[in-house]
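One letter stands for each residue in the lines below.
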Amino acid sequence: MATTPLQPTARTALRREKHRAATERAALYDVLIDGMFCHLGVVVDGAPLVLPTAYGVDLDRGPDGTLYLHGSVAARSVVAAPVQTVCVTVTHADGLVLARSAFHHSVNYRSAVIFGVPRLITDPDEKLHALNRIVDHLVPGRSSGTRAPNRKELAKTSVLALSLTEASVKTRSGEANDEPDDVDLPHWTGVVPLRVVADEPITNSDCDLLVPAHVRTRANQLGAPS
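*Asks:* What is the right way to look at the layout of surface pockets in this model?
*Replies:* In this approach the atoms are scanned with a rolling probe the size of a water molecule, which exposes any empty space left behind. The calculated volume of the largest pocket comes to roughly 430 Å³. Counting residues per element, the ones that place at least two in the lining of the largest pocket are helix H1 (25-34), strand S2 (37-44) and strand S6 (86-98). For the lining of the largest pocket, the element with the highest residue contribution is S6, accounting for 6 residues. Here the residues of the lining of the largest pocket are counted per class, giving 9 nonpolar, 5 polar and 5 charged. Its boundaries defined by the atoms lining it, the second largest pocket holds a volume of some 340 Å³. When its residues are assigned to classes, the lining of the second largest pocket shows 11 nonpolar, 1 polar and 4 charged.

Encoded structure:
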């Protein structure tokens, strides 16, 4: 796992609120590990296309770690991505920040932006490794509790590998920042915390098995009742 600081580039350097930028690479890894979904931005037929998708990470693959994305071999975003620079974002909304003035309302958040030209994975072993990473990123241990993809399924799926070298992290936390002249106004100010919460796992109607330990553990991690 790389420990070198994030190196700002012309694309990743913050122009505003520079104090909110994280410089440690560990902050990037934390955002990616804690997240479950990202948005892939790519230009298709001359127009921007931004799509939500699941992802996986391997922090020991490559000099700075690797992010994996997948899709149908016919998906326009997957076909177009390996020949251009793409942008991937991961965002956590941690709270609604309510100020006395409308102008100073905000959101507590953690976000990562990654730029790079993704590599289309062609090696079968690496492809399976990447797909397992994506599945296990959502529910750790899940890939060993399922049937592995067969050759036909692998042939229908494309997997992209994106280096984590060029990236930025920006965060906000804490209370609302009101103007001094507004502090005595009769308006409530504070934060409404936000988090992702799971419910009790629901077994499929055609399944008579107990909920596996790895599924129960993941649900409990996300706040489902024990």
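*Asks:* Is there a simple way to think about the pattern of salt bridges in this case?
*Replies:* Opposite charge on two side chains allows them to pair when their charged atoms are near. Summed over all chains, the structure comprises 13 salt bridges. Glu-126 is the partner of Arg-61 in a salt bridge, and the nearest nitrogen-oxygen pair spans 3.9 Å. One end of the pair, Arg-61, is in the loop between strand S4 (56-58) and strand S5 (66-72); the other, Glu-126, is in helix H3 (residues 124-138), with 65 residues separating them in the sequence. For Glu-126, a relative accessible area of 12% puts it in the buried group. We note a salt bridge from Arg-110 to Asp-94, for which the minimum N-O separation is 2.8 Å. With Arg-110 in strand S7 (residues 106-116) and Asp-94 in strand S6, the pair connects residues that are 16 residues apart, well separated along the chain.

*Asks:* Help me understand the sheet that holds S5 in this model?
*Replies:* The pairing of strands in a sheet happens through backbone hydrogen bonds and is either parallel or antiparallel. Across the sheet, which stays open at both edges, the 4 strands sit in the order S4-S5-S9-S8 with antiparallel pairing between neighbours. Since the sheet does not close on itself, it has two edges, and those belong to S4 and strand S8 (119-120), each with one partner. The sheet contact formed by S5 and strand S9 (residues 157-163) spans 7 bridges and is antiparallel. Counted as the bridge partner of Leu-69 is Leu-160 from S9.

*Asks:* Explanation requested: the environment of Val-44 in the structure shown.
*Replies:* Position of Val-44 relative to the elements: it lies in strand S2. Sequence-wise, Val-44 and Val-79 are 35 residues apart; in three dimensions their C-alpha atoms are separated by 9.2 Å. With sequence-adjacent residues up to four places away left out, Val-44 is seen in contact with Leu-49, Arg-76, Ser-77 and Ala-80.

*Asks:* Sorry if this is basic, but what is going on with the side chain of His-137 here?
*Replies:* Relative to the elements of secondary structure, His-137 occurs in helix H3. The exposure class assigned to His-137 is buried, which follows from its relative accessible area of 11%. A polar contact is formed between the side chain of His-137 and the backbone oxygen of Gly-35, at a distance of 2.6 Å.

*Asks:* Whenever I open this one, the nonpolar core confuses me. Can you help?
*Replies:* Nonpolar side chains tend to gather and get buried jointly when the protein is soluble and globular. Membership of the largest hydrophobic core comes to 28 residues, with the highest contact counts inside it found for Leu-28, Leu-32, Leu-67 and Ile-114. For this core, the elements supplying multiple residues, two or more each, are H1, S2, S5, helix H2 (76-80), S6, S7, S9 and strand S10 (166-172). In terms of nonpolar packing, the next biggest core, distinct from the first, is built from 9 residues, Ala-54, Ala-130, Ile-134 and Ala-161 among them.

*Asks:* Could you clarify how one ought to interpret the environment of Ala-155 in this entry?
*Replies:* Mapping Ala-155 onto the fold places it in helix H4 (residues 151-155). Sequence separation between Ala-155 and Thr-203 is 48 residues; the distance between their C-alpha atoms is 30 Å.

Procedures and definitions
- Residues numbered from 1 in each chain as written.
- Predicted model: local features only at pLDDT ≥ 70, side-chain atom pairs only at ≥ 80, totals over all residues.
- Heavy atoms only, no water.
- 1 Å grid on protein atoms, 1.4 Å probe; cavity = no way out; pocket = protein on both sides within 12 Å on 5 of 7 lines; lining within 4 Å.
- Points joined across faces, edges and corners; volume = space filled by probe spheres on them.
- Helix = DSSP H or I, 4+ residues; strand = E, 2+ residues; numbered from the N terminus.
- Nonpolar A, V, L, I, M, F, W, Y, C, P; charged D, E, K, R; others polar.
- Salt bridge = Lys/Arg side-chain N within 4 Å of Asp/Glu carboxyl O.
- Buried < 20%, exposed > 50% of the residue type's maximum accessible area, 1.4 Å probe, protein only.
- Pairing = 2+ DSSP bridges.
- Contact = heavy atoms within 4.5 Å.
- Polar contact = N/O pair within 3.5 Å; in protein donor to acceptor, adjacent residues only side chain to side chain.
- Core = buried A, V, L, I, M, F, W, Y, C linked by side-chain atoms within 4.5 Å.

Function cannot be read off these values alone, since they describe shape.
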